[in-house]
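# Structural characterization, general
Okay, here's what each chain looks like letter by letter:
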Amino acid sequence: MAQMVMPISLFSYYEAVFPHISHLSSLCQLHVYFFPVSLSLSLSLSLSLSLSLSLSLSLPCLSLSLPCLSLSLPCLSLSLPCLSLSLPCLSLSLHCLSLLSLRCSFEECSATAEWLLSRTEIRPLVGIVCGSGLGGLAEMLKDQMAFKYSDIPNFPQSTVHGHAGRLVFGMLKGKACVCMQGRFHLYEGYPIHKVTMPMRIFKLLGVETVILTNAAGGLNQDYKVGDIMIIKDHINMPGFAGNNPLAGPNDERFGVRFPSMSDAYDRELLQLAQGVGAELGFGDFLREGVYCVLGGPSFETIAECRMMNRLGADAVGMSTVHEVIVARHCGMRVFALSLITNQAVMDYDSQEKANHEEVLETGQLRAKQLERLVSNMVTHIEHNNNDA
Ligand SMILES: O=P(O)(O)O[C@H]1O[C@H](CO)[C@@H](O)[C@H]1O
Ligand SMILES: Nc1nc2[nH]cnc2c(=O)[nH]1
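The structure presented is a predicted model; accordingly, all values stated were derived computationally and were not measured.

A count of helices and strands for the chain gives nine helices and 19 strands. Scored against the burial criterion, the 388 residues of the chain give a buried share of 54%. Residue pairs in contact within the chain that sit at least 24 positions apart in sequence constitute 73% of those at least 6 positions apart. For the chain, the computed accessible surface area is about 17,400 Å², with 60% contributed by carbon and sulfur atoms.

All right, on to the environment of Phe299 then. When you line up the elements, Phe299 lands in the loop between β17 (286-293) and α7 (302-311). Judged by its relative accessible area of 34%, Phe299 is partly exposed. Separated by 54 residues in the primary sequence, Phe299 and Lys353 have C-alpha atoms spaced 8.9 Å apart.

One pass over the structure, following the stated rule, counts eight salt bridges. The closest approach of N and O atoms between Glu323 and Arg183, which form a salt bridge, is 2.9 Å. Here Glu323 is found in helix α8 (residues 321-329), whereas its partner Arg183 is found in the loop between β14 (175-181) and α4 (192-205), with 140 residues between them in sequence. Judged on exposure class, the residue Glu323 and its partner Arg183 are both buried. With a shortest N-O distance of 2.9 Å, Asp227 and Arg287 are connected by a salt bridge.

Right, let's get into the UniProt feature "domain: Nucleoside phosphorylase" (unreviewed entry) in the chain. The feature "domain: Nucleoside phosphorylase" (unreviewed entry), as given by UniProt, occupies residues 126-378 in the numbering adopted here. Along residues 126-378, the helical share is 30% and the strand share 26%, with 8 Å between the first and last C-alpha atoms.

Attention now goes to the site of ligand 2. In the neighbourhood of ligand 2, the contacting residues comprise Ala215, Ala216, Gly217, Phe299, Glu300, Val316, Gly317, Met318, Thr341, Asn342 and Val359. At a separation of 3.3 Å, a nitrogen atom of ligand 2 approaches a polar backbone atom of Gly217. Asn342 places a side-chain nitrogen or oxygen 2.7 Å from a nitrogen atom of ligand 2. Put simply, the parts of the chain that give the shell around ligand 2 at least two residues each are β15 (209-218), β18 (315-317) and β19 (333-343). If you tally residues by element for the shell around ligand 2, the top one is β15, at three residues. A per-class count over the shell around ligand 2 returns six nonpolar, four polar and one charged.

As a further point, take the environment of Met346. Mapped onto the fold, Met346 is located in the loop between β19 and α9 (356-380). Along the sequence, Met346 and Ile211 sit 135 residues apart, while their C-alpha atoms lie 30 Å from each other. Look past the residues within four positions of Met346 in its chain and what remains in contact with it is Leu219, Gln221, Ile302, Cys305, Arg306 and Asn309.

Definitions and cut-offs
- Residues numbered from 1 in each chain as written.
- Chains lettered and ligands numbered in written order.
- Predicted model: local features only at pLDDT ≥ 70, side-chain atom pairs only at ≥ 80, totals over all residues.
- Heavy atoms only, no water.
- Helix = DSSP H or I, 4+ residues; strand = E, 2+ residues; numbered from the N terminus.
- Buried < 20%, exposed > 50% of the residue type's maximum accessible area, 1.4 Å probe, protein only.
- Contact = heavy atoms within 4.5 Å.
- Areas by Shrake-Rupley, 256 points an atom, 1.4 Å probe, with all protein chains shown as cover.
- Salt bridge = Lys/Arg side-chain N within 4 Å of Asp/Glu carboxyl O.
- UniProt positions renumbered as here; feature names shortened; annotations may be inferred.
- Near = heavy atom within 4 Å.
- Polar contact = N/O pair within 3.5 Å; in protein donor to acceptor, adjacent residues only side chain to side chain.
- Nonpolar A, V, L, I, M, F, W, Y, C, P; charged D, E, K, R; others polar.

Here is the structure:
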(Lines give C-alpha, C1' and ligand atoms only; values in the text may rest on other atoms or scores of the structure.)
(Ligands and ions follow the chains in the order given, each with its own letter.)
Protein backbone atom coordinates (compact mmCIF):
# COMPACT_ATOMS: atom_id res chain seq x y z
CA MET A 1 0.00 0.00 0.00
CA ALA A 2 1.34 3.41 -0.87
CA GLN A 3 1.94 5.68 2.10
CA MET A 4 2.73 9.38 1.89
CA VAL A 5 4.38 10.99 4.88
CA MET A 6 6.25 14.18 5.72
CA PRO A 7 9.10 13.06 7.98
CA ILE A 8 10.55 14.96 10.91
CA SER A 9 14.27 14.31 10.73
CA LEU A 10 16.52 13.41 13.62
CA PHE A 11 19.00 16.22 13.06
CA SER A 12 20.69 15.64 16.37
CA TYR A 13 22.11 12.49 14.82
CA TYR A 14 23.81 14.47 12.06
CA GLU A 15 25.02 17.11 14.44
CA ALA A 16 26.66 14.48 16.60
CA VAL A 17 28.24 12.61 13.69
CA PHE A 18 28.98 15.55 11.40
CA PRO A 19 29.19 18.63 13.67
CA HIS A 20 30.11 20.86 10.73
CA ILE A 21 26.90 20.24 8.78
CA SER A 22 24.31 21.38 11.26
CA HIS A 23 22.78 23.57 8.51
CA LEU A 24 21.19 20.39 7.25
CA SER A 25 18.46 21.06 9.73
CA SER A 26 16.55 22.86 7.03
CA LEU A 27 16.35 19.82 4.80
CA CYS A 28 12.84 18.97 3.88
CA GLN A 29 11.86 15.65 2.48
CA LEU A 30 8.86 13.97 1.08
CA HIS A 31 8.90 10.21 1.09
CA VAL A 32 6.51 8.02 -0.78
CA TYR A 33 6.78 4.41 0.23
CA PHE A 34 5.77 1.63 -2.11
CA PHE A 35 6.63 -1.57 -0.33
CA PRO A 36 9.32 -2.89 -0.81
CA VAL A 37 10.73 0.06 -2.76
CA SER A 38 10.73 3.56 -1.45
CA LEU A 39 11.02 6.70 -3.49
CA SER A 40 12.07 9.87 -1.79
CA LEU A 41 12.16 13.41 -3.00
CA SER A 42 14.12 15.91 -0.98
CA LEU A 43 14.77 19.60 -1.10
CA SER A 44 17.72 20.93 0.84
CA LEU A 45 18.78 24.35 2.05
CA SER A 46 21.30 24.50 -0.77
CA LEU A 47 18.31 24.41 -3.12
CA SER A 48 19.72 21.36 -4.83
CA LEU A 49 16.86 19.14 -5.70
CA SER A 50 17.63 15.52 -5.16
CA LEU A 51 15.79 12.45 -6.15
CA SER A 52 16.73 9.16 -4.61
CA LEU A 53 15.60 5.62 -4.99
CA SER A 54 16.21 3.12 -2.25
CA LEU A 55 15.43 -0.45 -1.47
CA SER A 56 13.69 -0.76 1.86
CA LEU A 57 12.83 -3.55 4.18
CA SER A 58 9.61 -2.53 5.87
CA LEU A 59 8.13 -3.87 9.09
CA PRO A 60 4.91 -2.37 10.46
CA CYS A 61 6.70 0.49 12.15
CA LEU A 62 10.31 0.27 11.09
CA SER A 63 11.88 0.48 7.69
CA LEU A 64 15.54 0.08 6.88
CA SER A 65 16.82 1.45 3.59
CA LEU A 66 19.94 0.18 1.92
CA PRO A 67 22.55 2.42 0.29
CA CYS A 68 20.85 3.87 -2.68
CA LEU A 69 21.33 5.75 -5.86
CA SER A 70 20.65 9.41 -5.49
CA LEU A 71 20.71 12.00 -8.21
CA SER A 72 20.86 15.56 -7.13
CA LEU A 73 21.04 18.70 -9.18
CA PRO A 74 23.43 20.35 -9.79
CA CYS A 75 25.72 17.52 -8.73
CA LEU A 76 25.70 13.82 -8.20
CA SER A 77 25.60 12.88 -4.58
CA LEU A 78 26.42 9.96 -2.41
CA SER A 79 23.78 8.56 -0.14
CA LEU A 80 24.05 6.79 3.15
CA PRO A 81 21.69 4.12 4.35
CA CYS A 82 18.69 5.67 5.96
CA LEU A 83 16.60 4.46 8.81
CA SER A 84 12.95 5.39 9.03
CA LEU A 85 10.53 4.93 11.85
CA SER A 86 6.94 5.15 10.69
CA LEU A 87 3.86 5.63 12.82
CA PRO A 88 0.44 5.73 11.18
CA CYS A 89 0.63 9.45 10.43
CA LEU A 90 4.16 10.39 11.31
CA SER A 91 7.54 9.25 10.10
CA LEU A 92 10.85 9.92 11.79
CA SER A 93 13.77 9.36 9.51
CA LEU A 94 17.52 9.54 9.38
CA HIS A 95 17.60 10.43 5.75
CA CYS A 96 20.15 10.30 2.99
CA LEU A 97 22.90 12.87 2.83
CA SER A 98 24.14 14.65 -0.24
CA LEU A 99 27.72 14.39 0.95
CA LEU A 100 29.42 15.83 -2.07
CA SER A 101 27.31 18.95 -2.16
CA LEU A 102 28.41 19.82 1.39
CA ARG A 103 31.83 20.78 0.17
CA CYS A 104 30.57 23.62 -2.05
CA SER A 105 31.93 21.92 -5.14
CA PHE A 106 33.24 23.58 -8.28
CA GLU A 107 30.04 22.54 -10.06
CA GLU A 108 27.83 24.03 -7.36
CA CYS A 109 29.78 27.33 -7.36
CA SER A 110 29.74 27.41 -11.19
CA ALA A 111 25.99 26.86 -11.26
CA THR A 112 25.50 29.81 -8.91
CA ALA A 113 27.91 32.03 -10.88
CA GLU A 114 26.16 31.14 -14.16
CA TRP A 115 22.76 31.83 -12.61
CA LEU A 116 23.97 35.32 -11.62
CA LEU A 117 25.76 36.07 -14.89
CA SER A 118 22.67 35.18 -16.85
CA ARG A 119 20.72 37.81 -14.90
CA THR A 120 23.06 40.79 -15.09
CA GLU A 121 25.15 42.43 -17.79
CA ILE A 122 27.71 43.58 -15.23
CA ARG A 123 31.03 41.69 -15.31
CA PRO A 124 32.66 42.65 -12.00
CA LEU A 125 36.43 42.91 -11.56
CA VAL A 126 36.17 44.04 -7.95
CA GLY A 127 34.32 42.14 -5.21
CA ILE A 128 33.49 43.90 -1.95
CA VAL A 129 32.38 42.37 1.36
CA CYS A 130 30.63 44.68 3.82
CA GLY A 131 31.22 44.13 7.53
CA SER A 132 28.75 44.60 10.38
CA GLY A 133 26.96 47.92 9.97
CA LEU A 134 29.03 48.79 6.89
CA GLY A 135 26.50 47.78 4.23
CA GLY A 136 26.17 51.41 3.07
CA LEU A 137 29.08 50.74 0.74
CA ALA A 138 26.74 48.78 -1.51
CA GLU A 139 24.45 51.82 -1.83
CA MET A 140 27.28 53.68 -3.59
CA LEU A 141 27.01 51.39 -6.61
CA LYS A 142 25.34 52.94 -9.67
CA ASP A 143 23.09 51.08 -12.15
CA GLN A 144 22.44 48.48 -9.49
CA MET A 145 21.18 44.99 -9.99
CA ALA A 146 20.55 43.42 -6.58
CA PHE A 147 19.72 39.84 -5.58
CA LYS A 148 18.41 38.77 -2.20
CA TYR A 149 20.56 35.93 -0.84
CA SER A 150 17.38 33.91 -0.41
CA ASP A 151 16.82 34.04 -4.19
CA ILE A 152 20.33 32.90 -5.18
CA PRO A 153 20.78 29.14 -5.64
CA ASN A 154 23.17 27.52 -3.14
CA PHE A 155 23.73 30.80 -1.28
CA PRO A 156 23.57 30.89 2.54
CA GLN A 157 21.30 33.40 4.32
CA SER A 158 22.38 36.32 6.51
CA THR A 159 21.19 35.92 10.09
CA VAL A 160 23.08 38.74 11.85
CA HIS A 161 21.65 42.21 12.54
CA GLY A 162 23.61 44.70 10.41
CA HIS A 163 24.03 42.24 7.49
CA ALA A 164 21.23 42.93 4.98
CA GLY A 165 21.64 39.77 2.90
CA ARG A 166 21.83 41.17 -0.65
CA LEU A 167 24.33 40.70 -3.45
CA VAL A 168 24.55 43.96 -5.36
CA PHE A 169 26.11 44.35 -8.82
CA GLY A 170 26.83 47.85 -10.08
CA MET A 171 29.36 50.49 -11.10
CA LEU A 172 31.56 52.23 -8.55
CA LYS A 173 33.36 55.24 -10.03
CA GLY A 174 33.16 53.59 -13.45
CA LYS A 175 34.43 50.17 -12.31
CA ALA A 176 32.21 47.10 -12.42
CA CYS A 177 31.79 45.73 -8.89
CA VAL A 178 29.85 43.12 -6.96
CA CYS A 179 29.16 43.78 -3.31
CA MET A 180 28.06 41.44 -0.53
CA GLN A 181 25.78 43.44 1.73
CA GLY A 182 26.21 41.00 4.57
CA ARG A 183 28.59 38.11 5.15
CA PHE A 184 28.50 34.73 6.87
CA HIS A 185 30.20 33.77 10.11
CA LEU A 186 31.14 30.47 11.73
CA TYR A 187 29.05 31.26 14.79
CA GLU A 188 25.88 31.36 12.66
CA GLY A 189 26.30 27.61 12.40
CA TYR A 190 27.47 27.50 8.81
CA PRO A 191 30.23 25.06 7.92
CA ILE A 192 33.42 26.92 7.08
CA HIS A 193 33.12 25.98 3.38
CA LYS A 194 29.76 27.69 3.20
CA VAL A 195 31.05 30.81 4.99
CA THR A 196 33.68 31.23 2.28
CA MET A 197 31.77 29.94 -0.74
CA PRO A 198 30.98 33.49 -2.00
CA MET A 199 34.73 34.02 -2.60
CA ARG A 200 34.74 31.14 -5.08
CA ILE A 201 31.63 32.53 -6.71
CA PHE A 202 33.37 35.93 -6.97
CA LYS A 203 36.25 34.20 -8.74
CA LEU A 204 33.93 32.47 -11.18
CA LEU A 205 32.17 35.79 -11.86
CA GLY A 206 35.54 37.17 -13.03
CA VAL A 207 36.53 39.14 -9.91
CA GLU A 208 40.27 39.85 -9.65
CA THR A 209 40.46 42.01 -6.53
CA VAL A 210 38.56 41.48 -3.28
CA ILE A 211 38.07 44.27 -0.75
CA LEU A 212 36.82 43.13 2.66
CA THR A 213 35.67 45.28 5.54
CA ASN A 214 34.82 44.33 9.09
CA ALA A 215 34.00 45.70 12.50
CA ALA A 216 36.62 44.78 15.09
CA GLY A 217 37.62 45.32 18.70
CA GLY A 218 40.82 47.30 19.25
CA LEU A 219 43.56 45.40 21.14
CA ASN A 220 46.36 47.86 20.40
CA GLN A 221 46.37 50.36 23.28
CA ASP A 222 47.17 53.23 20.89
CA TYR A 223 43.99 52.62 18.89
CA LYS A 224 40.81 54.62 19.43
CA VAL A 225 37.21 53.78 18.63
CA GLY A 226 36.58 55.00 15.08
CA ASP A 227 40.09 54.24 13.81
CA ILE A 228 40.29 52.47 10.45
CA MET A 229 42.95 49.74 10.40
CA ILE A 230 44.37 48.53 7.09
CA ILE A 231 44.95 44.81 7.67
CA LYS A 232 48.55 43.89 6.87
CA ASP A 233 48.42 40.36 8.28
CA HIS A 234 46.25 38.01 10.30
CA ILE A 235 46.31 35.37 13.04
CA ASN A 236 43.93 32.51 12.28
CA MET A 237 43.02 31.12 15.72
CA PRO A 238 40.41 28.58 14.48
CA GLY A 239 43.03 27.49 11.94
CA PHE A 240 45.37 26.44 14.78
CA ALA A 241 42.72 23.88 15.73
CA GLY A 242 42.40 22.63 12.15
CA ASN A 243 39.38 24.71 11.23
CA ASN A 244 40.67 26.00 7.90
CA PRO A 245 38.35 26.57 4.91
CA LEU A 246 40.76 24.68 2.67
CA ALA A 247 40.74 21.53 4.83
CA GLY A 248 39.42 18.50 2.97
CA PRO A 249 39.99 17.39 -0.62
CA ASN A 250 41.61 20.11 -2.74
CA ASP A 251 40.06 21.00 -6.08
CA GLU A 252 42.95 22.12 -8.31
CA ARG A 253 40.50 24.06 -10.47
CA PHE A 254 40.38 26.58 -7.64
CA GLY A 255 44.00 26.49 -6.49
CA VAL A 256 46.96 24.57 -5.12
CA ARG A 257 46.95 22.23 -2.11
CA PHE A 258 49.35 24.37 -0.02
CA PRO A 259 48.86 28.06 -0.79
CA SER A 260 51.24 30.62 0.68
CA MET A 261 49.76 33.12 3.13
CA SER A 262 52.86 35.26 3.73
CA ASP A 263 51.59 37.45 0.88
CA ALA A 264 47.90 37.27 1.81
CA TYR A 265 47.38 41.05 1.86
CA ASP A 266 48.49 42.72 -1.34
CA ARG A 267 51.29 45.19 -0.58
CA GLU A 268 50.58 47.45 -3.56
CA LEU A 269 46.95 47.82 -2.51
CA LEU A 270 48.11 48.55 1.02
CA GLN A 271 50.38 51.35 -0.27
CA LEU A 272 47.55 52.62 -2.44
CA ALA A 273 45.23 52.80 0.58
CA GLN A 274 47.83 54.74 2.57
CA GLY A 275 48.17 57.21 -0.30
CA VAL A 276 44.42 57.58 -0.81
CA GLY A 277 43.91 57.92 2.97
CA ALA A 278 46.54 60.68 3.18
CA GLU A 279 44.94 62.53 0.22
CA LEU A 280 41.57 62.38 1.97
CA GLY A 281 43.10 63.73 5.20
CA PHE A 282 42.46 60.50 7.14
CA GLY A 283 46.02 60.35 8.55
CA ASP A 284 44.85 60.85 12.14
CA PHE A 285 42.72 57.73 12.25
CA LEU A 286 44.20 55.47 9.56
CA ARG A 287 46.27 52.63 11.04
CA GLU A 288 47.96 49.49 9.79
CA GLY A 289 47.92 46.30 11.84
CA VAL A 290 47.28 42.61 12.46
CA TYR A 291 43.74 41.18 12.71
CA CYS A 292 43.07 38.11 14.84
CA VAL A 293 39.98 35.97 14.13
CA LEU A 294 38.09 33.98 16.75
CA GLY A 295 35.00 31.84 16.28
CA GLY A 296 32.60 33.96 18.36
CA PRO A 297 29.79 34.63 19.04
CA SER A 298 30.83 35.40 22.61
CA PHE A 299 33.15 38.37 22.90
CA GLU A 300 36.55 37.80 24.47
CA THR A 301 37.54 37.54 28.10
CA ILE A 302 40.09 39.97 29.49
CA ALA A 303 42.74 37.23 29.61
CA GLU A 304 42.07 36.33 25.97
CA CYS A 305 42.43 39.96 24.88
CA ARG A 306 45.71 40.29 26.76
CA MET A 307 46.98 37.07 25.22
CA MET A 308 46.12 38.13 21.65
CA ASN A 309 47.72 41.52 22.19
CA ARG A 310 50.93 39.84 23.40
CA LEU A 311 50.86 37.57 20.36
CA GLY A 312 50.99 40.63 18.12
CA ALA A 313 47.33 41.22 17.23
CA ASP A 314 46.09 44.82 16.99
CA ALA A 315 42.40 44.04 16.47
CA VAL A 316 40.06 41.11 17.03
CA GLY A 317 36.95 39.96 15.19
CA MET A 318 34.94 36.94 14.02
CA SER A 319 35.28 37.11 10.24
CA THR A 320 37.37 38.02 7.18
CA VAL A 321 40.32 35.63 7.62
CA HIS A 322 38.47 32.58 6.24
CA GLU A 323 37.36 34.60 3.22
CA VAL A 324 40.90 35.92 2.69
CA ILE A 325 42.35 32.38 2.70
CA VAL A 326 39.87 31.17 0.09
CA ALA A 327 40.24 34.31 -2.05
CA ARG A 328 44.03 33.91 -2.08
CA HIS A 329 43.74 30.19 -2.78
CA CYS A 330 41.91 30.97 -6.01
CA GLY A 331 44.32 33.73 -7.01
CA MET A 332 42.43 36.93 -6.26
CA ARG A 333 44.24 39.95 -4.81
CA VAL A 334 43.07 40.91 -1.34
CA PHE A 335 42.76 44.18 0.53
CA ALA A 336 41.02 44.38 3.92
CA LEU A 337 40.03 47.04 6.43
CA SER A 338 38.86 46.88 10.05
CA LEU A 339 36.80 49.63 11.58
CA ILE A 340 37.68 49.71 15.30
CA THR A 341 34.16 49.84 16.70
CA ASN A 342 35.03 49.23 20.35
CA GLN A 343 38.06 48.98 22.58
CA ALA A 344 38.64 45.39 23.70
CA VAL A 345 38.47 45.18 27.50
CA MET A 346 41.97 44.51 28.85
CA ASP A 347 41.70 45.71 32.42
CA TYR A 348 39.94 44.00 35.37
CA ASP A 349 39.01 47.41 36.82
CA SER A 350 37.13 48.40 33.66
CA GLN A 351 33.33 48.50 33.65
CA GLU A 352 33.22 48.40 29.82
CA LYS A 353 31.53 45.49 28.06
CA ALA A 354 31.68 44.74 24.32
CA ASN A 355 28.26 44.68 22.67
CA HIS A 356 26.90 44.47 19.13
CA GLU A 357 24.83 47.68 19.45
CA GLU A 358 27.99 49.72 20.03
CA VAL A 359 29.59 47.96 17.06
CA LEU A 360 26.73 49.03 14.78
CA GLU A 361 26.62 52.59 16.17
CA THR A 362 30.34 53.16 15.52
CA GLY A 363 29.81 51.76 12.05
CA GLN A 364 27.29 54.52 11.39
CA LEU A 365 29.65 57.24 12.67
CA ARG A 366 32.56 56.28 10.40
CA ALA A 367 30.66 54.74 7.49
CA LYS A 368 30.99 57.73 5.18
CA GLN A 369 34.78 57.97 5.53
CA LEU A 370 35.18 54.25 5.04
CA GLU A 371 33.03 54.41 1.91
CA ARG A 372 35.13 57.27 0.50
CA LEU A 373 38.35 55.40 1.19
CA VAL A 374 37.10 52.27 -0.56
CA SER A 375 35.52 54.04 -3.53
CA ASN A 376 38.61 56.22 -4.14
CA MET A 377 40.78 53.12 -3.97
CA VAL A 378 38.60 51.32 -6.51
CA THR A 379 39.20 54.18 -8.98
CA HIS A 380 42.95 53.53 -8.82
CA ILE A 381 42.98 49.73 -8.91
CA GLU A 382 44.56 48.36 -12.06
CA HIS A 383 43.34 45.07 -13.46
CA ASN A 384 46.11 43.23 -15.16
CA ASN A 385 46.45 40.71 -12.37
CA ASN A 386 45.85 37.32 -13.84
CA ASP A 387 48.50 35.38 -11.96
CA ALA A 388 48.21 36.71 -8.40
O1 LIG B 1 33.29 40.88 11.12
P2 LIG B 1 31.97 41.53 10.90
O3 LIG B 1 31.10 40.76 9.99
O4 LIG B 1 32.13 42.97 10.48
O5 LIG B 1 31.20 41.55 12.32
C6 LIG B 1 31.83 41.75 13.58
O7 LIG B 1 30.83 42.28 14.42
C8 LIG B 1 30.10 41.21 15.05
C9 LIG B 1 30.15 41.44 16.54
O10 LIG B 1 29.60 42.65 16.90
C11 LIG B 1 30.84 39.94 14.68
O12 LIG B 1 30.17 39.30 13.64
C13 LIG B 1 32.18 40.44 14.24
O14 LIG B 1 32.84 39.56 13.37
N1 LIG C 1 35.58 39.14 18.55
C2 LIG C 1 35.22 40.41 18.46
N3 LIG C 1 34.55 40.81 17.38
C4 LIG C 1 34.22 42.10 17.31
N5 LIG C 1 33.57 42.76 16.34
C6 LIG C 1 33.46 44.04 16.72
N7 LIG C 1 34.02 44.20 17.91
C8 LIG C 1 34.50 43.00 18.28
C9 LIG C 1 35.21 42.55 19.44
O10 LIG C 1 35.50 43.27 20.39
N11 LIG C 1 35.52 41.23 19.47
